[in-house]
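Architecture at a glance
Here are the chains, one letter per residue:
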Amino acid sequence: PVPPLASGPPMDVTAWERDLDRLVDSPRYGGRIRLLIDGDAFFPRFVQAVQDARESVDIRMYIFDRDAYAVRIADLLKARSREIRVRVLLDELGSIGAGADASRTPYPYSVGAGAKPVSAAGYLREGANVEVRTLPNPFLTSDHTKVLLIDGERAFVGGMNIGHQYRYVWHDLMVEVEGIGE
């Protein structure tokens, strides 16, 4: 049998929230969270959110791969950048390293004559209005941040990077948060 986590009484959630209200000097916002386990749950919701965005898409990503799936996401962002503001902040070292790693499962490349783009950042900028910045990360101090913000109202945070492995292979979690700024 699994031992109990604590021997005391259960947590008083109402008292805890009252203490938080007293300690934190910011208003509460209504919202919802949804756990998105693995790429099958996360990527379709993210893609739909980008397609539905009315004003902006802001992405802070540790790894934006250069494989065919990542290029499909990049193409969507590039298309949307002609209608709304799209900004992407990438960890340069994470993305370069990922692009050099062959996927553990076969997936055909469909960029140009079958080659990967030289860089995710360069590909995102090419023929589009995507604002791209890279963090050079010369001292290997990255924090592996993944934050995707849609219209300032919906965020995706968690462990998923952008690429084939994260869509189809890895076991990971993202959290969708809605109601930001309400």
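Worth saying up front: this structure is predicted, and the values here are computed from it rather than measured.

Moving on: the overall build of the protein. Per the secondary structure count, the protein includes six helices and seven strands. Counting helices and strands in the order they occur from the N terminus, the protein gives α-β-α-β-α-β-α-α-β-β-β-α-β. Residue pairs at least 24 apart in sequence account for 79% of intrachain contacts in the protein once pairs closer than 6 positions are excluded. When the accessible surface of the protein is summed, it comes to about 10800 Å², and 57% of that surface belongs to carbon and sulfur atoms.

Another aspect to go through is the side chain of arginine 66. By secondary structure assignment, the location of arginine 66 is in the loop between strand 2 (56–61) and helix 3 (68–80). Aspartate 65 provides the closest opposite charge to the buried, salt-bridge-free arginine 66, at an N-O distance of 5.3 Å. At 2.9 Å, the side chain of arginine 66 forms a polar contact with the backbone oxygen of proline 117. One polar contact links the side chain of arginine 66 to the main-chain carbonyl oxygen of valine 118, over a distance of 3.2 Å.

The biggest cluster of nonpolar side chains holds 39 residues, and the ones touching the most others in it are Phe64 and Leu77. Elements with a contribution of two residues or more to this core: helix 2 (39–52), strand 2, helix 3, strand 3 (85–91), helix 5 (120–125) and strand 5 (146–150). Take this core: its biggest share by element is seven residues, from helix 3.

About the cut-offs
Residues numbered from 1 in each chain as written. Predicted model: local features only at pLDDT ≥ 70, side-chain atom pairs only at ≥ 80, totals over all residues. Heavy atoms only, no water. Helix = DSSP H or I, 4+ residues; strand = E, 2+ residues; numbered from the N terminus. Contact = heavy atoms within 4.5 Å. Areas by Shrake-Rupley, 256 points an atom, 1.4 Å probe, with all protein chains shown as cover. Buried < 20%, exposed > 50% of the residue type's maximum accessible area, 1.4 Å probe, protein only. Lys, Arg positive; Asp, Glu negative; His and termini not counted. Salt bridge = Lys/Arg side-chain N within 4 Å of Asp/Glu carboxyl O. Polar contact = N/O pair within 3.5 Å; in protein donor to acceptor, adjacent residues only side chain to side chain. Core = buried A, V, L, I, M, F, W, Y, C linked by side-chain atoms within 4.5 Å.

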